[in-house]
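If you want the building blocks of each chain, they are given just below.
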Protein chains: 2
Amino acid sequence: MTPQVNENRTDVIDLENKIRSANLRPTRQRISLAKLLFSEGNRHITAEKLHGEALGKGVKISLATIYNNLHQFTTAGLLREVVVDASKSYFDTNVEPHHHFFHEDRGLLEDISSHRLTVDDIPNLPEGTEISSIDVIVRLTKRK
Amino acid sequence: MTPQVNENRTDVIDLENKIRSANLRPTRQRISLAKLLFSEGNRHITAEKLHGEALGKGVKISLATIYNNLHQFTTAGLLREVVVDASKSYFDTNVEPHHHFFHEDRGLLEDISSHRLTVDDIPNLPEGTEISSIDVIVRLTKRK
DNA sequence: CAACAGATTAGAACACTTCTAAAGAAGAAA
DNA sequence: TTTCTTCTTTAGAAGTGTTCTAATCTGTTG
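Residues numbered from 1 in each chain as written. Chains lettered and ligands numbered in written order. Predicted model: local features only at pLDDT ≥ 70, side-chain atom pairs only at ≥ 80, totals over all residues. Heavy atoms only, no water.

Time to look at the sheet that holds strand β7 (residues 129-142) of chain A. Taking strand neighbours across the sheet as the criterion, the six strands line up as β5(A)-β4(A)-β7(A)-β7(B)-β4(B)-β5(B) in an open arrangement whose pairing is mixed. Of all the strands in the sheet, just β5 (108-113) of chain A together with β5 (108-113) of chain B have a single pairing partner and so form its edges. With strand direction ignored, the average angle separating the axes of adjacent strands in the sheet is 30°. Note that β7(A) and strand β7 (residues 129-142) of chain B share 13 bridges and pair antiparallel. The residue bridging E130(A) from the neighbouring strand is T141(B), located in β7(B). (Pairing = 2+ DSSP bridges. Helix = DSSP H or I, 4+ residues; strand = E, 2+ residues; numbered from the N terminus. Axes fitted to C-alpha atoms, helices over the stretch in contact; angles between N-to-C directions.)

Pasting the structure below:
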């Protein structure tokens, strides 16, 4: 019983619980994805990139499953989808309210914690609506 | 020489000048598009919708031309592209700095004039970058 | 273990966008 | 005007990211 084995075992149990908390069965594929997504710091990743990463680590999983699970995790509040690019979706493992820098040249997202950028004077909402979310994207290019 | 005829003639000349100001030739297709886009108030429209609208008004124009011109107009600063949906692009005829309400259920954009919503405390930018734009999208759903 | 609901999968299908290369139209020069 | 060049348009093919389908497999419950 080395500490390492303990750590790994605990991690997997935590991830399984996280998956169960979303009313989903902890399958081999979901556990592998959760490991990639949640085990080190916040990530911003696209479906195809995550698929590549999984295959690269020897996890056998289809692209359809990646999409299925990214959406299920998002619905369950484990992920948040960030719309910054008209052609692909990014998924963010940080589900706390916050905003983003988007490096347009590199297609890379970076968090801005929401107490470091505030939105004021939000006007009255149109009749019969409520806010679902407020997205602030500060788009960046290389300084000339 | 009725006022109407005058107005129409003047309109078209204005639109031609607008197109020329972007270093583009005022072709029949461009003038028709400019008429649809710029002749009454601000609009937020997708390529396919604009195509449908043009065909509906009897303007013979291909979808490729719609895309070509939306991009050329955008590059020239006559339009602004708004990213709110991961699967299609919206083009906004209002090129002044401003923000948006996005009605998620209807796929509809609405302007928020920028003096009615302000962004404060923008943090220091990452090294070597500069701001290309700041997009604020207030996503709305139907009030329950 | 059996039985069932939920999950995964390969590949087809889909929606939006871009590309291709050939034909057409606009503007400049003579 | 005619000619020449460059820009523009076009239909359809191709491309890209995503979703669908329906057959197979797996986790869970009794």
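What follows picks up the thread again.
What follows deals with the domain arrangement of chain A. All names here are of chain A. For chain A, the assigned domains are domain 1 (3-82) and domain 2 (94-140). A separation of 25 Å is found between the C-alpha centroids of domain 1 and domain 2. Taken residue by residue, the interface counts seven residues in domain 1 and ten residues in domain 2. Roughly 730 Å² of surface becomes buried between domain 1 and domain 2 when both sides are summed, with 51% attributable to carbon and sulfur atoms. When the buried surface of domain 1 facing domain 2 is broken down by residue, H44, R80 and V82 rank first, second and third, together holding 73% of it. The interface formed by domain 1 and domain 2 includes one salt bridge. (Domains from an automatic or database assignment. Contact = heavy atoms within 4.5 Å. Buried area = accessible area lost by both parts, 1.4 Å probe. Salt bridge = Lys/Arg side-chain N within 4 Å of Asp/Glu carboxyl O.)

Inspection of the region around DNA strand D gives 24 residues, with Y67(A), H71(A), T27(B), Q29(B) and T65(B) positioned closest. At the protein interface, 79% of the atoms of DNA strand D within 4 Å belong to sugar or phosphate. A distance of 3.4 Å separates a base nitrogen of DNA strand D from a polar side-chain atom of R25(A). One of the side-chain nitrogen or oxygen atoms of T65(B) is found 2.7 Å away from a phosphate oxygen of DNA strand D. Of the residues assigned to the surface near DNA strand D, the class counts are seven nonpolar, nine polar and eight charged. (Near = heavy atom within 4 Å. Polar contact = N/O pair within 3.5 Å; in protein donor to acceptor, adjacent residues only side chain to side chain. Nonpolar A, V, L, I, M, F, W, Y, C, P; charged D, E, K, R; others polar.)

What follows covers the environment of L117(A). On the secondary structure map, L117(A) appears in the loop between β5 and β6 (118-120). When the C-alpha atoms of L117(A) and H98(A) are compared, they prove to be 8.4 Å apart, with 19 residues separating the residues in sequence. Ignoring any residue separated from it by four or fewer positions in sequence, one finds L117(A) in contact with H99(A), I112(A), V136(A), V138(A), V119(B), D120(B), D121(B), I122(B) and P123(B).

Now for the relation of the copies chain B and chain A. Expressed as a screw operation, the relation of chain B to chain A combines 0.0 Å of axial shift with a rotation of 179°, fitting to an RMSD of 0.1 Å. Both copies are brought into coincidence by an operation consistent with a two-fold rotation axis. Of the residues that chain B buries at the interface, 100% are likewise interface residues in chain A, meaning the two copies contact each other through the same surface. (Least-squares fit on C-alpha atoms with pLDDT ≥ 70 in both.)

As a matter of local geometry, DNA strand C sits amid 25 residues, with T27(A), Q29(A), T65(A), Y67(B) and H71(B) nearest to it. Counted by atom, the contact set of DNA strand C within 4 Å of the protein is 79% sugar and phosphate. One of the backbone N or O atoms of S62(A) is found 2.9 Å from a phosphate oxygen in DNA strand C. At the level of secondary structure, the elements contributing two or more residues to the surface near DNA strand C comprise α2 (28-38) and α4 (63-75) of chain A together with α3 (47-56) and α4 (63-75) of chain B. Among the residues making up the surface near DNA strand C, the classes are represented as eight nonpolar, nine polar and eight charged.

Turning our eyes to something else, we now look at the packing of aromatic side chains. Where two aromatic rings form a pair, the distance of their centres and the angle of their planes describe that pair. All names here are of chain A. A complete count under the given rule lists four aromatic pairs over all chains for this structure. Their ring planes at 80° and their centres at 6.0 Å tell us that Y90 and F102 sit as a pair that is edge-to-face. Here Y90, found in strand β3 (residues 90-92), pairs with F102, found in strand β4 (residues 98-103); they are twelve residues apart in sequence, far enough to count as distant. Of the two residues, Y90 and F102, neither departs from the other in class, the shared state being buried. (Phe/Tyr/Trp six-rings, centres within 6.5 Å; stacked < 30°, edge-to-face > 60°. Buried < 20%, exposed > 50% of the residue type's maximum accessible area, 1.4 Å probe, protein only.)

So, about the side chain of R80(B). Residue and element names in this part refer to chain B. Along the chain, R80 turns up in strand β2 (residues 80-82). Within the local environment of R80, its side chain forms a polar contact with the backbone oxygen of H98, the two atoms lying 3.3 Å apart. Not counting the four nearest positions on each side in its chain, R80 is found in contact with T74, Y90, F91, D92, N94, V95, E96, P97, H98, H100 and D135.

All names here are of chain A. Backbone geometry places N23, a non-glycine residue, at a positive phi of 60°. With respect to the helices, strands and loops of the structure, N23 is situated in the loop between α1 (3-21) and α2. The class of N23 is exposed, set by a relative accessible area of 72%.

Of the strand pairs in this sheet, β4(A) and β7(A) are connected by four bridges, and their pairing is parallel. Bridge pairing links H100(A) to I137(A) in β7(A).

All names here are of chain B. Look at Y90 and you get buried, because its relative accessible area is 5%. Those residues in contact with Y90 that sit more than four places away from it in its chain are I45, T46, R80, E81, V82, V84, D85, F102, G107 and L109. Within polar-contact distance, the side chain of Y90 engages the backbone oxygen of G107 at 2.8 Å.

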